[in-house]
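What follows is the residue order along each chain.
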Amino acid sequence: MTLPTPVLHTERLRLRPFTGADADSLFALHSSSHVLRYWDSPPWTDPARAQRFLAVCRTMEDEGTGARVAIDRLSDGAFAGWCGLSEWNPEYRSASLGYVLGDAMWGHGYATEAVRALLRWAFDSLDLNRVQAEADTRNEASARVLEKLGFVREGTLREDCVVNGVVSDSWVYGLLKRDWQPSEG
């Protein structure tokens with residue numbers, strides 16, 4: 001079963017399927033040690049990783065396991081980053097959320113705006129009951145994004161990641177359909 005990647009619009013952003021033209025922007029985003037300092041894998045060093053990422057996006061769509069969208073700023077068309085749902089399970093009505101934005105896009109509310117649009121689409125289209133997300137316990141900004149969207153911190157995964165020799169914990173967040181508030185705020 002395929003899961004067509006949506007095109008979504010917000011006041012300031014466009015969320016769209018990835019194209020091959022996004023490879024350079026993806027590599028720039030994922031090769032930044034500053035942007036990925038709380039990510040669960042090290043920054044990319046090989047530009048071919050971007051092509052593999054794009055292939056995984058197509059596979060997720062073809063197999064119906066999730067959807068990842070590129071985020072563009074409407075004012076100038078700048079690539080802001082991406083967000084996506086993976087591990088979509090129609091039987092359990094659940095999925096996992098992930099997102100990455102470039103550091104020039106931080107602090108403007110773009111992550112909250114983009115993820116809210118994606119969640120609105122997902123709860124309306126996929127009959128989801130639960131979306132789960134994880135955030136490194138040092139990443140207070142990501143925790144704020146999730147909490148603004150209504151996610152509840154459900155626990156801590158102790159020492160669940162080791163990236164470049166650094167051991168870190170992650171917070172687990174959940175958002176249930178009954179708690180979802182799609183309005184801005």
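It should be noted that the structure appears before, not after, this text.
The structure presented is a predicted model; accordingly, all values stated were derived computationally and were not measured. (Residues numbered from 1 in each chain as written. Predicted model: local features only at pLDDT ≥ 70, side-chain atom pairs only at ≥ 80, totals over all residues. Heavy atoms only, no water.)

### Regarding the sheet that holds strand 4 (residues 79-89)
Item 1. With mixed pairing, eight strands are arranged side by side in an open sheet as 1-2-3-4-5-6-8-7. Each edge of the open sheet carries a strand with a single partner, namely strand 1 (8-9) and strand 7 (152-163).
Item 2. Looking at chain direction, strand 5 (residues 94-101) and strand 6 (residues 130-136) are connected through three bridges and run parallel. Within the sheet, the bridge partner assigned to A95 lies in strand 6 and is V131.
Item 3. Taken strand by strand, helix 1 (residues 23-30) contacts strand 4 and strand 5, and its axis lies near 85 degrees from that of strand 4. (Pairing = 2+ DSSP bridges. Helix = DSSP H or I, 4+ residues; strand = E, 2+ residues; numbered from the N terminus. Contact = heavy atoms within 4.5 Å. Axes fitted to C-alpha atoms, helices over the stretch in contact; angles between N-to-C directions.)

### So, the packing of helix 1 against helix 2 (residues 48-63)
Item 1. Two numbers describe how helix 1 lies on helix 2: the axes approach to 8 Å, and their chain directions differ by 110 degrees. Considering the angle they form, helix 1 stands roughly perpendicular to helix 2. With respect to the hand of their crossing, helix 1 and helix 2 are arranged in right-handed fashion. Where helix 1 abuts helix 2, its residues A23, L26, F27 and H30 lie against A50, Q51, F53 and L54.
Item 2. Residues that form the contact of helix 1 with helix 2 fall into these classes: six nonpolar, two polar and no charged. (Parallel < 35°, antiparallel > 145°, perpendicular 65-115°, else oblique. Left-handed = near helix turned anticlockwise from the far one by under 90°. Nonpolar A, V, L, I, M, F, W, Y, C, P; charged D, E, K, R; others polar.)

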